Structure formats: C-alpha cells, structure tokens
Amino acid sequence: MGLSKFITECTDAIMDEFEAFAREQLPAAANMDLAALRDHAQQVLTAIALDMGTPQTMREQRAKSMGHAPAKEGAAETAAETHGYQRAAAGFNVKQTAAEYRALRASVLRLWFKSGPELGRDQVFEVVRFNEAMDEALAESILFFSDEAARMRNLFLGVLSHELRTPLSTIKASGESLIVGARLKREMPGVAERVLRASGRIESLLDDLLDYVRSGLGEGMRVAPTELDMRVVCERIVSELRVNHPSRTIELSCDGELHCVCDEQRIGQAVSNLIGNAITYSGGDDAVEVRASGSAGGEVVLTVRNFGRPIPKETCESLFEPLVRGVGHAGGGYNLGLGLYIVREIVEAHGGTASAASSESAGTVFTLRLPRDAGSVSTAAFQGIRMS
Amino acid sequence: MKSKRVLIAEDNRDGAESLRHLVEAWGHQAQVAYDGGTAVERATSFRPEIVIIDINMPVMDGYQAARLLKVADDRVLLIAMTGSPTVETRDRARDAGFHHHYVKPIELQELKDLLDCDTLDHLVPGFRLRD
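Everything numeric here is computed off the predicted structure, so don't read it as measured data.

Asker: Quick one: what's the story with the sheet that holds strand S2 (residues 29-33) of chain B, residue by residue and with numbers?
Answerer: Residue and element names in this part refer to chain B. Reading across from one edge, S2-S1-S3-S4-S5-S6 is the order of the six strands in this open sheet, with parallel pairing throughout. Each of the sheet's edge strands pairs with one partner strand only, and the pair in question is S2 and strand S6 (126-127). With five bridges joining them, strand S3 (residues 50-54) and strand S4 (residues 77-82) adopt parallel strand pairing. Bridge pairing links valine 51 to leucine 78 in S4.

Written as structure tokens, this is what we have:
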C-alpha cells in the first residue's frame, strides 16, 4: 500500500502509536487533554496526506525542499499554525513542540514499513514528499510558536512594569513628603512605613522574577529540606496573612501526622501564594479554608479552598503555567501570573504534585501532595523535571 | 497660591495615602477613595476642584468615574494616572474627559505646578505618553 493511502486508512493505529510516544516523552502533555493532542496530530496528518496526493513538479519539489514553498490556503497551514499557538499557551517548550512532529513522523514510517510495502522508485518519492510536508508543517508550527511565546513575554514585561510602578510611586511621593515635612519641621506619621512596605513589594516581585528566570534556564527550583512540623508552618503562614488581610476569614484545620521533611521557607511561600490567590479571587465575605492532613500512606496533603467564581476545567489545567492570570482579577491585587507556577515548581522540586479543581458546589480547591520525606526524593525529582 | 480641594482615587492604599500626604504637605486639602464608585460618592460632599484618578481600579474604573465626575461638575480638573501607559489608555482618557494623562510614578514637580495654578489654564488638556 502506498504511503499516503496508508496514512488515510490506518489513522487510528498511527494515532495510538503517536499517543503512546507523546505520553512518555512530553511532560507538558500530561496536562493536556488527550483528545486535543490526538485531534491536532490527526489534522496535520490529514493535511499531509492531502498534500502528498496533489501532483507536484520537480521545480516545486526543489523549492519546497529548500523552504520556499508558495504560501497556500490549506489545512496543513492552519493545523500547524493552531498547533504552534496552542503549544505555547499550554506551556510546552520549543523542544517538546518539535518532538511531537518527530513522534508523528516516526509513528507513520515505522508502522508503514511494518506493513511490508513494496519499495520501489515511487515509494521512495512518496517518502520524500511525506518528509517535505512534515518539515514544512514543523517549520510553520515553530514560527507561530515563537510568535506566540514572544507575545506572551511582551505582555508579561508590560505587567511587570505596571506592578513595579505602583510601589515606586509610593516611594517617590513619600520621599518628597519627607523633604517637604523636614522643611516645615512637621512629623510625617506613617510615611517611612509606606516606603518600607513598597520596597518589600518590589523585592518580592523581583524574587518571583528571579525564580521564574532561573527555572526557565533549566536549573529548576532548589530546595533545602529539613525536618519540620507542617502544622507549625501552616499556622505561621495563616497568621501572617490574617494580619495582612484583617477583614478576611482564613480557617485552618490540621489532622493526622504532619511531621515531615521539606524546605520550610519554600513550602511556606507555596502555601502563602495559594492563600493570597484565594483571597484575591473570592468575595470579601467568603472564608478561605486551609487544610493540612497527614495520610498513613506517607503523604502530606495541603488544600486551599475558596468560593470565588468557578474556574472552567480547561483553565484549571493551564493555571500552573507561567504568565497565566486569572479572570476577574481586580486591579488592586498584585499578580505577575507567576504565583501558581512557582507553587508548582516548589512542589515538584519536593517530588510532589500540585493540582486544581473547581465547581459551583465544592468551590475552587488547590491541592498540594508532598511525600513525607522530600529529602530523599528531591534530588531525583529535581533532575527528572525537564526533558533533556 | 490658593489652597485647593484634591480628591485622590487609587486602589493601592499606600499609593493613595502617600499622595494624600504629599498634597497636604504642599498646602492643599486632600481626600482619598480606594475605588471609582467611592470616589464619585465622596465628590458630592467634598466637591473637589481637582481629581487624580488611577485608571485601573475595581468596582468602577477610572474612565467611568471620570465621566460621572464631569457630569456632576464640568469645571473639575481630571488627571488620569496609569502604570501601563499605551496609546489606547491615552486616547480613552481623552475620550472620558480627562485633562491630563500621567504615567506612574508621576512627575511630582509637574503635579505641584498644576495644583498650585490659580487660573483656568490648567484645564487645557495635556496628554503625554512616556517615550
């Protein structure tokens, strides 16, 4: 059977093979909807089979092999374009995006050879055309991926600039007040405190930025696990946030064995980010519920629940990706779109998992599952996070 | 220089309070509101001559607040401030009736000159975007 016919007739078998590869090789695919992954690969294949079925002159073939194919209206372009955008938004890196095409190409050729085709001059030509069409789709996809990635980075820089300007305004106006106050020999109550709070805010924005930059460079999050009581950590974080948000109710409940080994400062940061988000995205009268429970199975589970507007399932899956900001975000809260990303990095560096679920009745719940002894697993998890 | 009534609408409390402090130190009377709705409400009793409004606010954004303030008093001087200035924020500020569009952090000497001005010259729109 010819290759293009094989692609059209054995799509299901090819998709099964491709999916198995994708699951195994692409960490970001774990967050992706199974149907979406298959759906896209199928679209690309259909377009490619169509392209292979169209007669092509030697000249066109040479132009295509050198990357000068004429721009055409067609499914291949649309599928590759969509692919590039979607992968950027789903948190894939460029390597993973390209790997999907590699997987697709390998799945098709492996299965076709296994079917024992006659291998003559025509078949060799077909393989050449198949490879050209794959390369073209890959090149398009990467182009759109990089465009989308650049757009998201620019948006992020705009948000960062905005978030830095607010505390900077406070510092500048306060400094000026102190000068005027000194001239008038007048006390300026509260001014110095405002300067310190605003500086603290800038510092924490820059800390988040540094965590993000480091993780993007492939270093992952460094953690220093020590023995601690999770109850004590949660109590400390909750009481800090109660002081900062006196009008809000934050409930804490603890049960089970909560002695464990993890990085106290980092886990505290993760819990604090989750509670901070819960406060930002829920109404002023709703309580935020924090729970820490130690299971017999050697896990410590932390959950933070709020009753803000429910989050659609698709959004829940991408919440932990960097630069994603929730909808309904009031201008007052500070948010770089890095909070949940940092939470996930922290938890994964401990060998644990972070997830989100949301419904009208149960509210929005963020769950962190941590192994009781992160000291023994953190190094392994640390090395295993990224695909090399 | 005549002392003026200045209303500051800004959702970041420290940002609002630090500006209020400074405006008072300059010899004016100042009040703050942490969202657009409260600003419009406060204006009815405080009757500000100048309102400094952060565009990006909850409940009611700065554009909408500006429109309502203008309806209540068409002689009020409206100053918009934003942390993410774009051509769009500037044009929308103009359409909403703002006289000035400032980028955070505000150029303080320029603000002081505006507040101190006793003629109506300051009502001439001055729209700027940082280069």
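Asker: Hey, could you go over empty space enclosed by the protein for me, with residue numbers and the actual values?
Answerer: Over the atoms a probe the size of a water molecule is rolled, and this reveals where empty space is left. Summed over the entire model, instances satisfying the criterion amount to three cavities of 30 Å³ or more. As a volume, the largest cavity reaches approximately 110 Å³. Taken together, 14 residues make up the lining of the largest cavity; nearest its centre are Ser169, Thr170 and Ala173 of chain A together with Leu19 and Ile106 of chain B. Where the lining of the largest cavity is concerned, the elements lending two or more residues are helix H7 (121-183) of chain A together with helix H1 (13-25) of chain B. Its residues assigned to classes, the lining of the largest cavity shows seven nonpolar, four polar and three charged.

Asker: So, the interface of chain B and chain A: which residues are in play, and what are the values?
Answerer: In this assembly, 23 residues from chain B lie in contact with 24 residues from chain A. Of the roughly 2000 Å² buried between chain B and chain A, counting both surfaces, carbon and sulfur atoms make up 55%. Linking chain B to chain A there are one salt bridge. In this structure, aspartate 14 of chain B and arginine 197 of chain A form a salt bridge, with 2.6 Å as the shortest nitrogen-oxygen distance. Across the chain B-chain A interface, the total number found is eight residue pairs in polar contact (both at pLDDT 80 or more). Of the residues belonging to the side of chain B that touches chain A, the class tally is nine nonpolar, seven polar and seven charged.

Asker: A description of the nonpolar core should follow, citing residues and the corresponding values.
Answerer: All names here are of chain A. Within the largest apolar cluster, 48 residues are counted, with the highest numbers of intra-cluster contacts made by Met230, Ile267, Ile275, Leu302 and Leu368. Not counting the four nearest positions on each side in its chain, leucine 368 is found in contact with Ala270, Leu274, Val300, Val301, Leu302, Val343, Val347, Thr353 and Ala354. In this structure, Phe18, Ala41, Ala49 and Leu104 belong to the second largest nonpolar core, which totals 28 residues.

Asker: Residue-level account of the pattern of salt bridges, with values.
Answerer: Under the counting rule described, the total for this entry stands at 25 salt bridges over all chains. Arginine 305 of chain A is the salt-bridge partner of glutamate 289 of chain A, the closest N and O atoms lying 3.3 Å from each other. Placement of glutamate 289 of chain A in strand S4 (residues 288-294) and of arginine 305 of chain A in strand S5 (residues 299-306) is noted, with a sequence separation of 16 residues between them. Among the residues examined, arginine 305 of chain A registers a relative accessible area of 27% and is labelled partly exposed. Note that aspartate 118 of chain B is salt-bridged to lysine 4 of chain B, the shortest N-O span being 2.9 Å. Here lysine 4 of chain B lies in the segment before strand S1 (5-9) and aspartate 118 of chain B lies in the loop between helix H5 (108-116) and S6, a separation of 114 residues in the sequence. One salt-bridge network, in which partners are shared between bridges, spans Asp16, Glu19 and Arg38 of chain A.

Asker: An account of the pairing of strand S6 (residues 353-359) of chain A is needed here, citing residue identities and associated values.
Answerer: Regular strands place their side chains on alternate faces of the sheet. All names here are of chain A. Bridge count for S6 against strand S7 (residues 363-371) is seven bridges, and the pairing is antiparallel. Following the sheet pairing, alanine 357 is matched in S7 by valine 365. What sits between the antiparallel neighbours S6 and S7 is a turn of three residues.

Rules behind the numbers
- Residues numbered from 1 in each chain as written.
- Chains lettered and ligands numbered in written order.
- Predicted model: local features only at pLDDT ≥ 70, side-chain atom pairs only at ≥ 80, totals over all residues.
- Heavy atoms only, no water.
- Pairing = 2+ DSSP bridges.
- Helix = DSSP H or I, 4+ residues; strand = E, 2+ residues; numbered from the N terminus.
- 1 Å grid on protein atoms, 1.4 Å probe; cavity = no way out; pocket = protein on both sides within 12 Å on 5 of 7 lines; lining within 4 Å.
- Points joined across faces, edges and corners; volume = space filled by probe spheres on them.
- Nonpolar A, V, L, I, M, F, W, Y, C, P; charged D, E, K, R; others polar.
- Contact = heavy atoms within 4.5 Å.
- Buried area = accessible area lost by both parts, 1.4 Å probe.
- Salt bridge = Lys/Arg side-chain N within 4 Å of Asp/Glu carboxyl O.
- Polar contact = N/O pair within 3.5 Å; in protein donor to acceptor, adjacent residues only side chain to side chain.
- Core = buried A, V, L, I, M, F, W, Y, C linked by side-chain atoms within 4.5 Å.
- Buried < 20%, exposed > 50% of the residue type's maximum accessible area, 1.4 Å probe, protein only.

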